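In case you want the letters, here they are:
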Amino acid sequence: MATPTDPSPDLDAAYGLHSPSDSVRLYRAWAASYDSGFAQRTGYLLPGHVAGAFVEAGGQGPVLDVGAGTGLLAARLADFSVSPVDGVDISAEMLTEAIAKSVYRQTFLADLTAPLPMADSGYCGIVSSGTFTQGHVGPAAFDELLRIAAPGAVFALSINVAVFKPCGFADKLDALRGQICRVTLAEAPIYAAPDPDHAADRAMILCFTKR
Ligand SMILES: C[S@@+](CC[C@H](N)C(=O)[O-])C[C@H]1O[C@@H](n2cnc3c(N)ncnc32)[C@H](O)[C@@H]1O
């Protein structure tokens, strides 16, 4: 439940985060209204873009949804009959909303900037929408995600264009060249009905396969 010291939840607050504990506070306050007050109002497109890219790249379950939030991406994967899907997020309140949708086999409350509790090589797919963005999770998390992915696992991740080069995602992809193949990048709009301040917000939809 939100506390009086939690920030008011909106897009500008989300882009202004600096640390995992900032995320815990913001998303605690945002969880209950995230789907209706944010995703529906903005015409939030990333879960659909990522699910489509994952299926197009030949992705199959079991899949881990990284920064699962309220479960919007798993719901889109269910449209394509992709299963089972697990979710990981740092916000207990966001995961509570996700669990209520009954789209996850299992959820993990964990920080993606730290070692993850999952075993090596357990996932045939890794997906994420909206989590690799300003003030959220950076490219260092790719190392743990590759550890828990099986050889041949398909990754489909959105990365906000504003952080792609400045926060080191492009350099990280270069550094991982020996561990990944079939890399594709496509730019896409994040919102169908953005407010004027966010009309130009775009994300890279990054797909690759673990060697
Ligand atoms: C913009 S929301 C996206 C949620 C969902 N994937 C979607 O597309 O609607 C970002 C999510 O990342 C989670 N998050 C932020 N930092 C995190 C971290 N360090 N570890 C795990 N999850 C994190 C937040 O709690 C939040 O649920």
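All figures in this text were calculated on a predicted structure; none of them were measured in a lab. (Residues numbered from 1 in each chain as written. Predicted model: local features only at pLDDT ≥ 70, side-chain atom pairs only at ≥ 80, totals over all residues. Heavy atoms only, no water.)

K.L.:
Sorry if this is basic, but what is going on with the overall build of the protein here?
P.N.:
What the protein contains, in helices and strands, is nine helices and seven strands. Taking 211 residues into account, the globule formula puts the C-alpha radius of gyration at 17 Å, and the protein, at 16 Å, falls close to it. The principal-axis extents of the C-alpha atoms in the protein amount to approximately 45 × 35 × 30 Å. Expressed as a percentage of its 211 residues, the buried residues of the protein come to 50%. Expressed as a percentage of contacts within the protein between residues at least 6 apart in sequence, the contacts between residues at least 24 apart total 68%. With the model as given, the accessible surface of the protein reaches about 9300 Å², and the carbon-plus-sulfur share is 55%. Within the protein, one finds 14 positive and 22 negative side-chain charges whose respective centroids are separated by 7 Å. (Helix = DSSP H or I, 4+ residues; strand = E, 2+ residues; numbered from the N terminus. Rg over C-alpha atoms; globule rule 2.2 N^0.38 Å. Buried < 20%, exposed > 50% of the residue type's maximum accessible area, 1.4 Å probe, protein only. Contact = heavy atoms within 4.5 Å. Areas by Shrake-Rupley, 256 points an atom, 1.4 Å probe, with all protein chains shown as cover. Lys, Arg positive; Asp, Glu negative; His and termini not counted. Charge placed at Lys NZ, Arg CZ, Asp CG, Glu CD.)

K.L.:
Can you walk me through the nonpolar core in this structure?
P.N.:
The biggest cluster of nonpolar side chains holds 38 residues, and the ones touching the most others in it are Tyr27, Tyr34, Phe38, Tyr44, Phe54, Leu77 and Val127. Of all the secondary structure elements, the ones that give two or more residues to this core are helix H1 (11-15), helix H2 (20-30), helix H3 (34-42), helix H4 (46-56), helix H5 (72-79), helix H6 (92-100), strand S5 (149-160) and strand S7 (202-210). Looking at this core element by element, the count peaks at five residues for H4. If sequence neighbours within four positions are ignored, Tyr27 has contacts with Ala14, Leu17, Tyr34, Ser91, Glu93, Met94 and His136. Core analysis: the second largest hydrophobic core is formed by 32 residues, Val137, Phe155, Leu157 and Leu176 among them. (Core = buried A, V, L, I, M, F, W, Y, C linked by side-chain atoms within 4.5 Å.)

K.L.:
Explain the sheet that holds S7 here, please?
P.N.:
Hydrogen bonds along the backbone pair up the strands of a sheet, which may run parallel or antiparallel. Ordered by their spatial adjacency, seven strands build an open sheet running S3-S2-S1-S4-S5-S7-S6, and the pairing between neighbours is mixed. Only two strands of the sheet have a single partner each, and these edge strands are strand S3 (106-109) and strand S6 (180-189). Taken over all neighbouring pairs, the strand axes of this sheet differ in orientation by 15° on average, direction set aside. Alignment of strand S1 (residues 63-66) against strand S2 (residues 85-89), held across four bridges, turns out to be parallel. Looking at S2, one finds that Val66 is bridged to Val88. (Pairing = 2+ DSSP bridges. Axes fitted to C-alpha atoms, helices over the stretch in contact; angles between N-to-C directions.)

K.L.:
Sorry, what's going on with the packing of H4 against H5 here?
P.N.:
Angle between the axes and distance between the axes are the two parameters that describe a pair of packed helices. As a packed pair, H4 and H5 sit with axes 8 Å apart at the nearest point and diverge in direction by 45°. Relative to H5, the element H4 is oriented oblique. Along this stretch, H4 crosses H5, giving a crossing that reads as right-handed. Contact with H4, carried on its side by Pro47, Gly48, Val50, Ala51 and Phe54, involves Leu72, Leu73, Arg76 and Leu77 of H5 and no other residues of that element. (Parallel < 35°, antiparallel > 145°, perpendicular 65-115°, else oblique. Left-handed = near helix turned anticlockwise from the far one by under 90°.)

K.L.:
Explanation requested: the site of the ligand in the structure shown.
P.N.:
The ligand sits among 22 residues. The nearest are Tyr34, Tyr44, Gly67, Asp89 and Ser129. The side chain of Tyr44 places a nitrogen or oxygen atom 2.7 Å from an oxygen atom of the ligand. With the chains in place, 97% of the 600 Å² that the ligand exposes on its own is no longer accessible. When contributions to the shell around the ligand are tallied by element, the ones reaching two or more residues are H2 and strand S4 (123-132). Take the shell around the ligand: its biggest share by element is three residues, from S4. Considered class by class, the residues forming the shell around the ligand number 11 nonpolar, nine polar and two charged. (Near = heavy atom within 4 Å. Polar contact = N/O pair within 3.5 Å; in protein donor to acceptor, adjacent residues only side chain to side chain. Nonpolar A, V, L, I, M, F, W, Y, C, P; charged D, E, K, R; others polar.)

K.L.:
Which parts of the structure should I look at to understand the state of the cysteines?
P.N.:
One covalent bond between the sulfur atoms of two cysteine residues makes up a disulfide. This structure, assessed with the given rule, holds zero disulfides. This cysteine, Cys207, is not joined by any disulfide, and Cys181 carries the nearest cysteine sulfur, 12 Å off. For Cys207, a relative accessible area of 6% corresponds to the buried category. (Disulfide = S-S within 2.5 Å.)

K.L.:
For this particular structure, what's the right way to read the environment of Pro9?
P.N.:
Here Pro9 lies in the segment before H1. C-alpha separation for the pair Pro9 and Asp22, spaced 13 residues apart in sequence, amounts to 12 Å. Those residues in contact with Pro9 that lie beyond four places of it in its chain are Leu26, Ala29 and Trp30.

K.L.:
How should unusual backbone geometry be read in this particular structure?
P.N.:
When glycine is set aside, most residues are seen to have a negative phi, and most peptide bonds are trans. Gly61 connects to Pro62 through a cis peptide bond whose omega is 0°. Here Pro62 shows up in the loop between H4 and S1. Put simply, Ser83 and Pro84 share a cis peptide bond, and its omega is -10°. Position of Pro84 relative to the elements: it lies in the loop between H5 and S2.

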